[in-house]
Amino acid sequence: PQHRAQHSRQMGHAFMIASGLRLLGLAALCIGLASPASAEVAELVLTRQYGLSYLTFEVMREKGLVEKQLAAAGLGATKVNWTTLSDGAVQNDALLSGTVHVAAGGIGAFVTLWDKTRGSLDVKAISALASTPALLNVRDDKVKTIADLKDDKRVGVPGAKVSPQAITLQYAAAKQLGEANYAAYDKYTVNLSHPLAMQAMMSGAGEVIGHFATVPYSFMELKDPKVHTILNSYDVWGGKQTLIVAWTTGKFAKENPKTFGAVVAAIREATDWINANKPAAAKLYLDASKDKIAESDVLAMLNDPQNELTLTPQNMMKFVAFKHQIGTMKNLPASWKDMFFDVVHNLPGS
């Protein structure tokens, strides 16, 4: 009997231990299942820049579409903040520091960070936002081509040596002077935001006689008969090309899948709304930007087939191939899909 009692006590201990282990296992499983949700950021920070090319993000902000999609994903408590940064390089710094989660800017800054973060933060584009031409406008009638630029005849660009405009100028120089001389005109560029570059050029004073502008600034400048265009980015690259994309880190997308999905859904919703409601989108843009331009002019830009607000990447590979050839980009993607999250891989990109 004493042996049987001892055996019973041992069996009871074993049962309790086994039960405890099972409970611990279930608890660990529950914690594991809950961890992605609990890891979602409590505050989401997105950036935007100046101009009609950023209308998608402007609509997302003004109509609260990110908040709407977060709520639909069960993350209604997430706080959404927006900040305006002047160029893509500054946005990259903010993204790397963790003060910003989603950036929007020119493809030049994006592909630079994509290249530098392979195997670490794995930055990728969420989607394209806009394909629109960049026009190099000048107010000096003696400047007919980029070959006429000189030390006292400079052009304003957002993000010198990094922005799509800066790379377009390099590609034009390479075609004109040979690949080895791709940087020949870099010294004639001045790093200025679009509003400041337009102001400097239109003042008629100082060394800034040109602005490599996007809409609406290019449109506004050309209303002055003293201003003319000497370079069109679509002509340089041989067709329509994505100018603006949204990007984030692979780390952020992986650790915050619901938040990431809400941003993707908001981009899609905003893009669809703009293309279906262009008059309302034109009014929203002016109400938000306070640009001094007629609503009819904004609507005309939105209806111009050269200006396309779309998630589909266009003519990206020629851009990165050139940067790889001149040595300003180490990694050459095999396809545009290598640079984008799979949420847009079903689109007919290039």
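Residues numbered from 1 in each chain as written. Predicted model: local features only at pLDDT ≥ 70, side-chain atom pairs only at ≥ 80, totals over all residues. Heavy atoms only, no water.

**Focus on helix H4 (residues 88-97)**
Inference 1: Along H4, the positions that sit buried rather than exposed are Gly-88, Gln-91, Asn-92, Ala-94 and Leu-95. In an axial view of H4, the angular spread of the buried residues amounts to 165°, which keeps them on one side of the axis.
Inference 2: Its buried side turned inward, H4 meets strand S1 (43-48), strand S3 (103-106), helix H5 (107-116), strand S4 (123-131) and strand S10 (242-249).
Inference 3: Gly-98 sits one or two residues past H4 and shows a positive phi near 85°. (Buried < 20%, exposed > 50% of the residue type's maximum accessible area, 1.4 Å probe, protein only. Helix = DSSP H or I, 4+ residues; strand = E, 2+ residues; numbered from the N terminus. Arc of directions from axis to C-beta. Contact = heavy atoms within 4.5 Å.)

**Focus: the nonpolar core**
It is characteristic of soluble globular proteins that their nonpolar side chains tend to be buried jointly.
Inference 1: Ranked by internal contacts, the top residues of the largest apolar core, which has 101 residues, are Leu-55, Phe-57, Met-60 and Phe-110.
Inference 2: Top element by residues in this core is helix H11 (residues 257-276). It accounts for nine residues. (Core = buried A, V, L, I, M, F, W, Y, C linked by side-chain atoms within 4.5 Å.)

**So, the pattern of salt bridges**
Inference 1: For the coordinates displayed, the defined rule picks out eleven salt bridges.
Inference 2: For Glu-62, the salt bridge identified is with Arg-61, shortest N-O distance 2.8 Å.
Inference 3: Looking at Arg-61, the relative accessible area reads 26%, which means it is partly exposed.
Inference 4: Taken together, the salt bridges that share partners define one network made up of Arg-48, Glu-58, Arg-61 and Glu-62. (Salt bridge = Lys/Arg side-chain N within 4 Å of Asp/Glu carboxyl O.)

**Points about the pairing of S10**
Inference 1: Among the eight residues in S10, eight count as buried, and that is most of the element.
Inference 2: Pairing of S3 with S10 involves four bridges; the strand directions are antiparallel. Bridging across to S10, Ala-103 finds its partner in Trp-247. (Pairing = 2+ DSSP bridges.)

**Quick word on the packing of helix H12 (residues 278-289) against helix H13 (residues 295-303)**
Inference 1: In the contact formed by H12 and H13, the axes pass within 9 Å of each other and the chain directions differ by 125°. On the basis of their axis angle, the class for H12 and H13 is oblique. At the point where H12 passes H13, the crossing takes the right-handed sense. On the side of H12, the interface is formed by Lys-278, Pro-279, Ala-281, Ala-282, Lys-283, Tyr-285 and Leu-286, while H13 contributes Glu-295, Val-298, Leu-299, Leu-302 and Asn-303. (Axes fitted to C-alpha atoms, helices over the stretch in contact; angles between N-to-C directions. Parallel < 35°, antiparallel > 145°, perpendicular 65-115°, else oblique. Left-handed = near helix turned anticlockwise from the far one by under 90°.)

**Re unusual backbone geometry**
Inference 1: Note the cis peptide between Val-215 and Pro-216, where omega equals 5°.
Inference 2: As for its placement among the helices and strands, Pro-216 is situated in the loop between strand S8 (208-213) and helix H8 (217-221).
Inference 3: Despite not being glycine, Lys-290 shows a phi value in the positive range, around 65°.
Inference 4: Here Lys-290 is to be found in the loop between H12 and H13.
Inference 5: On the basis of relative accessible area, Lys-290 is assigned to the exposed category, the value being 61%.

**Topic: the packing of aromatic side chains**
Inference 1: Counted by the stated rule, this structure contains ten aromatic pairs.
Inference 2: Plain terms: the ring middles of Tyr-171 and Phe-322 are 4.9 Å apart, the flat faces sit at 65° to each other, and that makes the pair edge-to-face. With Tyr-171 in helix H6 (residues 164-177) and Phe-322 in helix H14 (residues 316-325), the pair connects residues that are 151 residues apart, well separated along the chain.
Inference 3: Assessed through its relative accessible area of 3%, Phe-322 is described here as buried.
Inference 4: When the centroid spacing of 6.2 Å and the interplanar angle of 70° are considered together, the rings of Trp-237 and Phe-322 count as edge-to-face. Here the residue Trp-237 occupies a position in helix H9 (residues 233-237), and Phe-322 occupies one in helix H14, the gap between them amounting to 85 residues. (Phe/Tyr/Trp six-rings, centres within 6.5 Å; stacked < 30°, edge-to-face > 60°.)

**Some points on the sheet that holds S3**
Inference 1: Spatial strand order, S3-S10-S4-S11: four strands in an open sheet with antiparallel pairing. Edge strands, defined here as strands with exactly one partner in the open sheet, are S3 and strand S11 (308-309).
Inference 2: Packed on one face of the sheet, H4 meets S3, S4 and S10 and runs near 10° to S10.

**Concerning helix H7 (residues 194-202)**
An α-helix turns once per 3.6 residues; consequently, residues spaced three or four apart project the same way.
Inference 1: All of the buried residues along H7 are His-194, Ala-197, Met-198 and Met-201. All buried residues of H7 project into a common sector of 100° when viewed along the axis, lining one side.
Inference 2: Residues of H7 that are buried in the fold lie against strand S5 (135-138), strand S6 (154-157), H6, S8 and H8.
Inference 3: Phi turns positive, to about 80°, at Gly-204, one or two residues after H7.

**Considerations on the packing of H5 against H14**
Inference 1: Two elements in contact, H5 and H14, have axes separated by 11 Å at closest approach and are oriented at 60°. The angle between the axes of H5 and H14 places the two elements in the oblique class. Seen along the crossing, H5 lies across H14 with a hand that is right-handed. Residues Ile-107, Gly-108, Phe-110, Val-111 and Thr-112 of H5 form the contact with H14, whose participating residues are Met-316, Phe-319, Val-320 and Lys-323.
Inference 2: Here the residues of the contact of H5 with H14 are counted per class, giving six nonpolar, two polar and one charged. (Nonpolar A, V, L, I, M, F, W, Y, C, P; charged D, E, K, R; others polar.)

**Focus on the sheet that holds S5**
Inference 1: Spatial ordering of the open sheet is given by S7-S6-S8-S5-S9, a layout of five strands whose pairing is mixed. On the outer flanks of this sheet lie strand S7 (189-191) and strand S9 (228-232), each paired with one strand and no other. When strand polarity is set aside, the average angle formed by the axes of neighbouring strands in this sheet is 30°.
Inference 2: Pairing of S5 with S9, which is carried by four bridges, proceeds in the antiparallel orientation. Within the sheet, the bridge partner assigned to Val-138 lies in S9 and is His-228.
Inference 3: The strands that H6 touches are S6, S7, S8 and S9; relative to S8, the one it contacts most, it runs at about 105°.
Inference 4: Along the sheet, H7 contacts S5, S6 and S8; its crossing angle with S8, the most-contacted strand, is approximately 145°.

These figures come from the coordinates and say nothing about function on their own.
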